[in-house]
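Understanding the architecture of this molecule
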Amino acid sequence: MKYSESPARNRRAPARPRPRLLAALACAAFVGLGWSASAGAFEPEAKVVYHVDYGDPQRLSSMLTSINNMMTHYQNEFMDVDVRVVFMSDGIRFATDDNLEETPFEVDAEFQEERDELRTRLSGLHQTHGVKYELCDITRTRVRLDASDVHGNVDLVPSGVVRLAELQNDKGFAYIKID
């Protein structure tokens, strides 16, 4: 038997890890650790707050179209976005199914016709795009609307105008109001 054909020579040496593979795995681990650590510090690339102090169903419909168009754009650009809608005054009509009888915001026939479609669109934007809704608790209290009568996807805030100011000044939200 030749030296090169010896049984010990035919055995394969244990595979050594490749330096490039190890480096790639190490980088992936560090990136993964950095990603999970920064996940708690998530900051959306765009932040927008819509101000709704009106009870006109056509204006709300225009606002919902605007939000949907904006969300579609940001999704196409792969951007994270935080969109809020703050309801106050007449805007309370959109945050409840109560007819608000004997209040300045009482539901009229025109609004009644549009209510179901608007509620569906509001709910769809919340479920599909994560749009957040907030209602001024001062308005709710003044019309004696029970908190349980507010739609489930609407959060109460102590003051609508204060919330708008906080979102703009402290949190960097852009302000939009549909005319």
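Residues numbered from 1 in each chain as written. Predicted model: local features only at pLDDT ≥ 70, side-chain atom pairs only at ≥ 80, totals over all residues. Heavy atoms only, no water.

To continue, consider the side chain of Arg115. Tracing the backbone shows Arg115 in helix α4 (residues 109-129). Within the buried set, Arg115 has no salt-bridge partner at all; the shortest N-O distance to an opposite charge, 4.2 Å, is to Asp97. Of note is the side chain of Arg115, whose polar atom sits 3.0 Å from the backbone oxygen of Asp97. Not counting chain neighbours up to four residues away, the residues in contact with Arg115 comprise Arg93, Thr96, Asp97, Asp98, Asn99 and Val107. (Helix = DSSP H or I, 4+ residues; strand = E, 2+ residues; numbered from the N terminus. Buried < 20%, exposed > 50% of the residue type's maximum accessible area, 1.4 Å probe, protein only. Lys, Arg positive; Asp, Glu negative; His and termini not counted. Salt bridge = Lys/Arg side-chain N within 4 Å of Asp/Glu carboxyl O. Polar contact = N/O pair within 3.5 Å; in protein donor to acceptor, adjacent residues only side chain to side chain. Contact = heavy atoms within 4.5 Å.)

Across the sheet, which stays open at both edges, the five strands sit in the order β4-β3-β2-β1-β5 with parallel pairing between neighbours. Two strands lie at the open edges of the sheet, namely β4 (154-157) and β5 (174-176), each paired on one side alone. Within the sheet, the average angular offset between the axes of one strand and its neighbour, ignoring direction, is 30°. With respect to the sheet, helix α6 (residues 160-170) is in contact with β1 (46-52), β2 (81-87), β3 (132-136), β4 and β5, its orientation differing from that of β2 by roughly 160°. (Pairing = 2+ DSSP bridges. Axes fitted to C-alpha atoms, helices over the stretch in contact; angles between N-to-C directions.)

Glancing now at unusual backbone geometry. Notably, Leu100 is not glycine yet its phi reads approximately 55°, a positive angle. Take Leu100: it is sitting in the loop between β2 and α4. Accessibility expressed as a relative area gives 3% for Leu100, which makes it buried. Even without being glycine, Arg144 reaches a positive phi, approximately 55°.

Moving on: the environment of Arg59. Residue placement: Arg59 occurs in helix α3 (residues 57-76). Overall, the relative accessible area of 21% leaves Arg59 in the partly exposed class. Between the alpha carbons of Arg59 and Ile178 there is a distance of 6.6 Å; along the sequence they are 119 residues apart. Excluding residues that lie within four positions of it along the chain, Arg59 makes contacts with Tyr54, Lys177, Ile178 and Asp179.

Bringing the pattern of salt bridges into the picture now. Tallied over the entire structure, the rule returns 11 salt bridges. One salt bridge connects Asp82 with Arg84, and the closest N-O pair in it is separated by 2.9 Å. With a closest N to O distance of 2.8 Å, Asp97 and Arg119 form a salt bridge. With Asp97 in the loop between β2 and α4 and Arg119 in helix α4, this residue pair connects regions lying 22 residues apart in the sequence. Residue classification places Arg119 among the partly exposed positions, given a relative accessible area of 27%. Here the residues in one salt-bridge network are Asp82, Arg84, Lys132, Glu134, Arg163 and Glu166, joined through shared partners.

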